[in-house]
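Examination of the molecular architecture
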Amino acid sequence: MENQKPSLMLVDGMALLFRAFYATAVSGQFMINSKGIPTNGIHGFVKHLFTAVSSFKPSHLAVCWDMGSKTFRTELFSDYKGNRGEAPVELIPQFDLVKEVVASFDIPNIGLEGYEADDCIGTIANQVKNHAHVSILTGDQDILQLLDESISVILMKKGYGNYLVHTPQTFFEEKGITPRQMIDLKALMGDPSDNYPGVKGIGEKTALKLLQEFENVEGIIASLERLSKSNKTKIEQDLDMLHLSRRLAEIKCDVPVSCGLEEAGLRIEKEKALNKLMEIELRGLQRLLPFDEAIIS
């Protein structure tokens, strides 16, 4: 039966870690342990992760990671994410340590050099969506392009336990376009946070109107003579960047990674998990771990 399908939660690890780190870093609460290692990001990461597990009760779980700043996108466009500074020194040692903590929970860590976490998430979501309900936990709206009848997106809001859950229906109600059209939306309007421009002078309102009328970038280009003189000129002047921006915006769903459901079952060994938390001196988190759930062994 449909409602007996397993449920896989795919987690954007960097989204959780950065959110947790910056929430406490502003007030200088780095939680430095006796070994001199800051742990504030890891502490908040674990709290975000298991608050979501408690809220949505997935039967399976995997965490996906960016693996360095160089990807196929930076090869396509050297300024991609070029507006982002170096990671704070207090965060750097937490990158590897947080993966050790995830591994101690027997949750798969997934990442591949040359690709972003989103590409791994998109690939795995499409691999398993016929066998499981997939939810994606992130703070990044780019991932909404992956929405379909078997894939939902849980967007984290400020604080712990506050979420906006998107389905294809809620996305259409909000934007008036389909999730796949979000790739074309970003191609037209660009993305300041990822540092690519799209078409200069075209914002979200105009981009949405064009997509509702002409469906996608190809449809718009094929119909240039039907556009206003202003929009026609803007697109003609930035045609190469429009095509490039679309390639940057699209999440790749054919990356050479995999995660079978049998690897991702949520089974936390209490002693192993608690030993790791004690080793790093992360206190007060054991009450969040779902040791007593029926799906845990």
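Okay, so let's go over this structure. (Residues numbered from 1 in each chain as written. Predicted model: local features only at pLDDT ≥ 70, side-chain atom pairs only at ≥ 80, totals over all residues. Heavy atoms only, no water.)

**A word on the overall build of the protein chain**
Stated formally: Here a strand is any run of E in DSSP of at least two residues, a helix any run of H or I of at least four, and the numbering for each starts at the N terminus. C-alpha atoms define the radius of gyration, and 2.2 Å times the number of residues to the power 0.38 defines the globule rule. We call two residues in contact whenever any of their non-hydrogen atoms come within 4.5 Å of each other.
Helix and strand counts for the protein chain stand at twelve helices and six strands. For 297 residues, the compact-globule estimate of 2.2 N^0.38 gives 19 Å, and the C-alpha radius of gyration of the protein chain, at 21 Å, lies within 12% of that figure. Overall, the protein chain is about 70 × 50 × 35 Å in size when its C-alpha atoms are taken along their principal axes. The long-range share in the protein chain, meaning contacts at least 24 apart out of those at least 6 apart in sequence, stands at 71%.

**Let's talk about the sheet that holds strand E4 (residues 133-138)**
Filter applied, for reference: Paired strands, as defined in this entry, are two strands with at least two bridges between them according to DSSP. Note on method: axes are straight lines fitted to C-alpha atoms, helices fitted across the in-contact stretch only, with angles between N-to-C directions ranging 0 to 180 degrees.
With mixed pairing, the six strands of this open sheet are ordered in space as E3-E2-E1-E4-E5-E6. Single-partner strands in this sheet number two, and they are strand E3 (109-110) and strand E6 (163-166). Relative to strand E1 (residues 7-12), helix H5 (residues 117-128) is tilted by about 170°, and along the sheet it contacts E1, strand E2 (60-64), E3, E4 and strand E5 (151-156).

**Considering the packing of helix H1 (residues 13-25) against helix H2 (residues 40-56)**
Working note: a packed helix pair is described by the angle between its axes plus the distance between those axes. Here is the rule: Between 65 and 115 degrees an angle is taken as roughly perpendicular, under 35 as roughly parallel, over 145 as roughly antiparallel, and anywhere else as oblique. In this scheme the crossing of two helices becomes right-handed for a clockwise turn of the near helix relative to the far one and left-handed for an anticlockwise turn of less than a right angle. Amino acids are sorted into nonpolar (Ala, Val, Leu, Ile, Met, Phe, Trp, Tyr, Cys and Pro), charged (Asp, Glu, Lys and Arg) and polar (every other residue, Gly among them).
The N-to-C vectors of H1 and H2 enclose an angle of 120°; their axes lie 7 Å apart at closest approach. Classified by the angle between their axes, H1 and H2 sit oblique to one another. In terms of crossing hand, the pair formed by H1 and H2 is right-handed. Judged by residue contacts, Gly13, Leu16, Leu17, Arg19, Ala20, Phe21, Thr24 and Ala25 of H1 engage Asn40, Gly41, Ile42, Gly44, Phe45, His48 and Leu49 from H2. Grouping the amino acids of the contact of H1 with H2 by side-chain chemistry returns eight nonpolar, six polar and one charged.

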